[in-house]
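Structural overview for review
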Amino acid sequence: MSGGGMESVQRPTSNRGNKGQNGQHEKEQSGSFQMPLHYPRYTRDDYETMQEWKLDCLLREYGLPITGDVEEKRKYAMGAFLWSR
């Protein structure tokens, strides 16, 4: 185009937010960490009695490692989320 008009620029298409072949939204595979909106508000007693599946979910939500047995996960979660007063 000439004459001082605005030209249209087409950007390459992206798969972000698009539906995949099966109709489901595809997850963005950026690998970046996104902090959850809320900080966990559990007490020491909560962590000491928390079931392993719940610890796994909590640690995964914050991008923390979920390896080891349930006692190691509890200690890790308490160290990461409890503040001394």
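Data block above holds the structure.
Fair warning: this is a prediction, and the values are worked out from it, not measured in the lab.

**Notes on the packing of aromatic side chains**
Within a pair of aromatic rings, the relevant descriptors are the distance that separates the centres and the angle that separates the planes. Tallied over the full model, the rule gives four aromatic pairs. Their ring planes at 70° and their centres at 5.6 Å tell us that Tyr 42 and Tyr 47 sit as a pair that is edge-to-face. Following the ring pairs from residue to residue traces out a cluster consisting of Tyr 39, Tyr 42, Tyr 47, Tyr 62 and Phe 81.

**Some details on the pattern of salt bridges**
Within this structure, the stated rule accounts for three salt bridges. A salt bridge links Asp 56 to Lys 73, with the nearest nitrogen and oxygen atoms 2.7 Å apart. Placement of Asp 56 in helix 2 (residues 52–61) and of Lys 73 in helix 3 (residues 70–81) is noted, with a sequence separation of 17 residues between them. Look at Asp 56 and you get buried, because its relative accessible area is 16%. Salt bridges here are not isolated pairs; linked through shared partners, they connect Glu 52, Asp 56 and Lys 73.

**Observations concerning the nonpolar core**
Core analysis: the biggest nonpolar cluster contains nine residues, these being Tyr 47, Met 50, Leu 55, Leu 58, Leu 59, Tyr 62, Ala 77, Met 78 and Phe 81. Not counting residues within four places of it along the chain, the set of residues in contact with Ala 77 comprises Tyr 47, Leu 55, Leu 59 and Leu 82.

**What about the environment of Glu 48?**
Structurally, the position occupied by Glu 48 is in helix 1 (residues 44–49). The exposure class of Glu 48 is partly exposed, given its relative accessible area of 41%. For Glu 48 and Val 70, which are 22 residues apart along the polypeptide, the C-alpha to C-alpha distance reads 9.8 Å.

Each value, and the rule that gives it
Residues numbered from 1 in each chain as written. Predicted model: local features only at pLDDT ≥ 70, side-chain atom pairs only at ≥ 80, totals over all residues. Heavy atoms only, no water. Phe/Tyr/Trp six-rings, centres within 6.5 Å; stacked < 30°, edge-to-face > 60°. Salt bridge = Lys/Arg side-chain N within 4 Å of Asp/Glu carboxyl O. Helix = DSSP H or I, 4+ residues; strand = E, 2+ residues; numbered from the N terminus. Buried < 20%, exposed > 50% of the residue type's maximum accessible area, 1.4 Å probe, protein only. Core = buried A, V, L, I, M, F, W, Y, C linked by side-chain atoms within 4.5 Å. Contact = heavy atoms within 4.5 Å.

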